[in-house]
Amino acid sequence: MNPLRSRAEKIFKSLRATYPHVKTQLHFKNPFELLVATILSAQCTDKQVNIVTGTLFQRLKTPKDFSQVPLDTLEALIRPTGYFRNKAKSIKNCATALLEKYDGRVPDTLEEMVALPGVGRKTANVVLGAAFGVPGIVVDTHVARISQRMGFTENKDPVKIEFDLMEILPESKWSDFSLLLIYLGREFCTARKPDCPRCPVNRHCPWPEKTPLKK
DNA sequence: CTCCCGATAT
DNA sequence: ATATCAGGAG
């Protein structure tokens, strides 16, 4: 009955056909590495994150390693990802908190995750979904932009968008849908120059008609 | 709301 | 030159 749900289902099916095996593009070997990589991914491409973590994880492996490394050393190691001072602090404080509160393990609930320093809902849902199989909508810049263009939400606040999307999709599809939208955002529905004619779901999207000839 | 910030595409 | 990239904290 809900037209939004119906459209969301169709878009999900089309995207799934286009991208059969959805998976995070971030390289990691365990939940902790994924957590670090996701913190580094703020306002940075996953490609750049993978370059940095490739060498980073050779040098530092455990939460203990990260909690003990000098801050300026960590800053130098992650500098190419941008926001390197904030991220270095977040990662180091986060590693310390994991040691103190969870004996070095990464927790598997949203409340525990977002209580960690430098971890918000986006980062938490990425790790929960990919490392623990816990359902969650990941609202990053791509998901926010595409959700607005597709008319899934009128909101700009990421938390409101997250709840709007949770309402129009079954829980079992939250994680995959997030990843599918991110793939779409990278290849077609880009921020600056969206390639609507080639978009695999343009027939289900109201946005192309809205921007006919933007000079 | 502002600040943090390097790398890349346009 | 400028917009944008798997955001979060104060």
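The structure we're discussing is the one just above.
The present account deals with the structure reproduced in this document. (Residues numbered from 1 in each chain as written. Chains lettered and ligands numbered in written order. Predicted model: local features only at pLDDT ≥ 70, side-chain atom pairs only at ≥ 80, totals over all residues. Heavy atoms only, no water.)

Before going further, it helps to examine the packing of helix α1 (residues 3–18) against helix α11 (residues 174–187). Here α1 crosses α11 at 65°, and the two axes come no closer than 10 Å. Compared by their axis directions, α1 and α11 come out roughly perpendicular. With respect to the hand of their crossing, α1 and α11 are arranged in left-handed fashion. Note on element contacts: α11 touches α1 through Asp176, Phe177, Leu180, Leu181 and Leu184, opposite Ala8, Ile11, Phe12, Leu15 and Arg16. In terms of residue class, the contact of α1 with α11 is made up of eight nonpolar, no polar and two charged. (Axes fitted to C-alpha atoms, helices over the stretch in contact; angles between N-to-C directions. Helix = DSSP H or I, 4+ residues; strand = E, 2+ residues; numbered from the N terminus. Parallel < 35°, antiparallel > 145°, perpendicular 65-115°, else oblique. Left-handed = near helix turned anticlockwise from the far one by under 90°. Contact = heavy atoms within 4.5 Å. Nonpolar A, V, L, I, M, F, W, Y, C, P; charged D, E, K, R; others polar.)

Moving on: the pattern of salt bridges. Summed over the entire model, instances satisfying the criterion amount to seven salt bridges. Taking the shortest distance from any N to any O, the salt bridge between Lys173 and Glu9 comes out at 2.7 Å. Taken together, the residues span a long stretch of sequence, with Lys173 in the loop between α10 (158–168) and α11 and Glu9 in helix α1 at a distance of 164 residues. A salt bridge links Glu33 to Lys29; the nearest nitrogen and oxygen atoms lie 3.2 Å apart. On the basis of relative accessible area, Lys29 is assigned to the exposed category, the value being 66%. Linked through salt bridges whose partners overlap, the residues forming this network are Glu9, Lys13 and Lys173. (Salt bridge = Lys/Arg side-chain N within 4 Å of Asp/Glu carboxyl O. Buried < 20%, exposed > 50% of the residue type's maximum accessible area, 1.4 Å probe, protein only.)

Counted according to the given criterion, the structure contains five aromatic pairs. Relative to Phe177, the ring of Phe12 has its centre 6.2 Å away and its plane inclined at 25°; by these criteria the two rings are stacked. Here Phe12, found in helix α1, pairs with Phe177, found in helix α11; they are 165 residues apart in sequence, far enough to count as distant. In this pair, the class of Phe12 matches that of Phe177, namely buried. Ring centres of Tyr19 and Tyr183 lie 5.2 Å apart, and the angle between their planes is 70°; on these two criteria the pair is classed as edge-to-face. You can see Tyr19 sitting in the loop between α1 and α2 (31–40) and its partner Tyr183 sitting in helix α11, a full 164 residues away along the chain. For Tyr19, a relative accessible area of 7% puts it in the buried group. (Phe/Tyr/Trp six-rings, centres within 6.5 Å; stacked < 30°, edge-to-face > 60°.)

With that settled, consider the protein's contact with DNA strand B. Neighbouring DNA strand B are Gln43, Gln48, Arg79, Pro80, Gly82, Tyr83, Phe84, Arg85, Asn86 and Arg192. Among the atoms of DNA strand B lying within 4 Å of the protein, the sugar-phosphate backbone contributes 52%. Here a phosphate oxygen of DNA strand B sits 2.6 Å away from a polar atom, N or O, in the main chain of Arg85. Note that a base nitrogen of DNA strand B is positioned 3.1 Å from one of the side-chain N or O atoms of Arg192. Looking at which element gives the most residues to the surface near DNA strand B, the answer is helix α6 (residues 84–102), with three residues. (Near = heavy atom within 4 Å. Polar contact = N/O pair within 3.5 Å; in protein donor to acceptor, adjacent residues only side chain to side chain.)

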